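Given next are the chains, with one letter for each unit.
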Amino acid sequence: EIAKEFNNGMEYFNSFGGNPVSCAVGNAVLDVIKIENLQSHSYNTGKYLLESLKKIQNKYPDLISEVRGRGLFLGIDLIQQNNLSPNKKLANLLINHMRDKRILLSTDGPYNNVIKMKPPLPFNNINCDQLTYELNQFFKNL
């Protein structure tokens, strides 16, 4: 039924989509998300992390213009102290510092100044505290 929906005149191609094994895997993943309540967990943990990141933003408003996101997909917008323009250099310093602490983040946005966070679904409040501790240490030591 799903595959028939793609037969609407527009060309669609996918090497692995629609085969029975891929569908079974997708259904199994959805079952685990439901059984382990990972959607609610993601929402609650993301809310906790977002609040923690906003506290860091409040400490360093001259370096962080915005903290935003939903669930566990969050971003920190880094800016220049003097003129509020995007701060790609600071973003690179931060992701390298965090990598040295075994925390993987990346940059995104048109100026590569947004720190992108996409932790796995089992990420919890203890992990959030570790992340925000290291972020605080980074900004404190600038």
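Going by the structure above, here's the rest.
Residues numbered from 1 in each chain as written. Predicted model: local features only at pLDDT ≥ 70, side-chain atom pairs only at ≥ 80, totals over all residues. Heavy atoms only, no water.

Enquirer: When you look at the overall build of the protein chain in this model, what are you seeing that I'm missing?
Expert: Helices and strands together make up the secondary structure of the protein chain, namely five helices and four strands. The order of helices and strands in the protein chain, counted from the N terminus, is α-α-α-β-β-α-β-β-α. The globule rule puts the C-alpha radius of gyration for 142 residues at 14 Å, and the 19 Å found for the protein chain is more than 25% above it. Approximately 10,000 Å² of the protein chain is accessible, and the part contributed by carbon and sulfur atoms is 53%. Of the charged side chains in the protein chain, 16 are positive and 13 negative; the average position of the first set lies 7 Å away from that of the second. (Helix = DSSP H or I, 4+ residues; strand = E, 2+ residues; numbered from the N terminus. Rg over C-alpha atoms; globule rule 2.2 N^0.38 Å. Areas by Shrake-Rupley, 256 points an atom, 1.4 Å probe, with all protein chains shown as cover. Lys, Arg positive; Asp, Glu negative; His and termini not counted. Charge placed at Lys NZ, Arg CZ, Asp CG, Glu CD.)

Enquirer: Is there a simple way to think about the sheet that holds strand E4 (residues 114-117) in this case?
Expert: The four strands are arranged E1-E2-E4-E3 in an open sheet whose pairing can be described as antiparallel. The open sheet terminates on both sides in strands that have one partner only, identified here as strand E1 (64-70) and strand E3 (106-108). The sheet shows a mean angle of 30° between the axes of neighbouring strands, direction not considered. Looking at chain direction, E3 and E4 are connected through three bridges and run antiparallel. Paired with Ser106 across the bridge in E4 is Lys116. Sheet contacts for helix H3 (residues 38-59): E1, strand E2 (73-78) and E4; angle to E1, the most-contacted strand, approximately 175°. (Pairing = 2+ DSSP bridges. Axes fitted to C-alpha atoms, helices over the stretch in contact; angles between N-to-C directions. Contact = heavy atoms within 4.5 Å.)

Enquirer: Would you explain a nonpolar patch on the surface in this entry?
Expert: Taken together, the side chains of Val21, Val25 and Val29 define a hydrophobic patch exposed on the protein surface, amounting to about 270 Å² of accessible area. Assignment of secondary structure puts Val25 in helix H2 (residues 20-35). (Patch = residues over 30% accessible without salt bridge, like charges linked within 9 Å, V, L, I, M, F, W, Y side chains within 5 Å. Salt bridge = Lys/Arg side-chain N within 4 Å of Asp/Glu carboxyl O.)

Enquirer: Which parts of the structure should I look at to understand the environment of Val67?
Expert: One can find Val67 in strand E1. Under the relative-accessibility criterion, Val67 is labelled buried at 4%. Linking Val67 and Asp77, residues ten residues apart in sequence, is a C-alpha distance of 6.3 Å. Contacts of Val67, omitting those with residues within four sequence positions, involve Leu50, Leu53, Lys54, Gln57, Gly75 and Ile76. (Buried < 20%, exposed > 50% of the residue type's maximum accessible area, 1.4 Å probe, protein only.)

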